[in-house]
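Residue strings, one per chain:
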Amino acid sequence: MKKLLIISHTPTANTRVMTNAVIEGASHVEINGIEVMFKQPLETGPEEVLDADAIILGTTENFGYMSGALKDFFDRAYYPCLEKTESLPFAVFIRAGNDGLGALSSIERITKGLAWRQVQEPLICRGNWQPSFVEQCKELGMTLAAGLEAGIF
């Protein structure tokens, strides 16, 4: 069974709703053979990454950067995963009050150093809360899980 690891910082009700939608999409009834695991960044270590077949990263935009919790995860996991997780498929979603580009850029720098492979366009949910954010997150989770199941990623 392939493992999809979802690492998402959920400090607000809205980011929790978005993360739940990603989990729901990835766990769709028509997708089989994928074990979906959700972890908060502060609870996730390199061993979970080394065991994963793909990852979805979720964060809030904090002061134009990824959340401190996600940065802490990368600080602890970077060197243990370096050269052991090359080409690991990943996707990212960001809840951004502004443009989200600083958060995205910081994540892309780190994942580029790890040589991970971004397999979906980043999902940046900008501005005031929109109900469409939930559907976009479901689609992100479903697409990554279905691609993993089909062997595309």
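Everything numeric in this text was worked out from a predicted model, so none of it was measured. (Residues numbered from 1 in each chain as written. Predicted model: local features only at pLDDT ≥ 70, side-chain atom pairs only at ≥ 80, totals over all residues. Heavy atoms only, no water.)

Colleague: Explain the overall build of the protein chain to me, and be specific about the residues and the numbers.
Modeller: On a plain count of helices and strands, the protein chain comes out with five helices and six strands. Taking 15 Å as the expected radius of gyration for a compact globule of 153 residues, we find that the protein chain reaches 14 Å, a close match to that expectation. Split into buried and exposed, the 153 residues of the protein chain put 48% on the buried side. In the protein chain, the proportion of contacts linking residues at least 24 apart, taken out of those at least 6 apart, comes to 83%. For the protein chain, the distance from the average position of its 13 positive side-chain charges to the average position of its 19 negative side-chain charges is 3 Å. (Helix = DSSP H or I, 4+ residues; strand = E, 2+ residues; numbered from the N terminus. Rg over C-alpha atoms; globule rule 2.2 N^0.38 Å. Buried < 20%, exposed > 50% of the residue type's maximum accessible area, 1.4 Å probe, protein only. Contact = heavy atoms within 4.5 Å. Lys, Arg positive; Asp, Glu negative; His and termini not counted. Charge placed at Lys NZ, Arg CZ, Asp CG, Glu CD.)

Colleague: Go over unusual backbone geometry, please, and point to the residues and values.
Modeller: In this structure, Phe63 is a non-glycine residue whose phi angle is positive, near 55°. Looking at where Phe63 falls in the secondary structure, it is placed in the loop between strand E3 (54–60) and helix H3 (68–81). Phi angles above zero are rare outside glycine, and Ala115 is one such case at about 65°. Along the polypeptide, Ala115 turns up in the loop between helix H4 (101–114) and strand E5 (117–118).

Colleague: Let's hear about the state of the cysteines: which residues, and what values?
Modeller: Under the defined criterion, the tally for this structure stands at zero disulfides. Here Cys125 stays free of any disulfide, with the sulfur of Cys137 as its closest cysteine sulfur at 4.7 Å. (Disulfide = S-S within 2.5 Å.)

Colleague: Pulling in residues and values, what's your account of the nonpolar core?
Modeller: Nonpolar side chains in soluble globular proteins tend to be buried together. Grouped together as the largest cluster of nonpolar side chains are 25 residues, with contacts concentrated most on Val49, Ile55, Leu57, Leu70, Phe73, Phe74 and Trp116. Listing elements by their share of this core, those giving two or more residues are strand E1 (2–8), E3, H3, strand E4 (89–96) and H4. Top contributing element to this core by residue count: H3, with six residues. Setting aside residues up to four positions removed in sequence, Val49 forms contacts with Leu5, Ile55, Phe73, Cys81, Thr85, Leu88 and Trp116. Counting residues in hydrophobic clusters, the runner-up holds 21 residues, among them Ala26, Ala91, Leu144 and Ala145. (Core = buried A, V, L, I, M, F, W, Y, C linked by side-chain atoms within 4.5 Å.)

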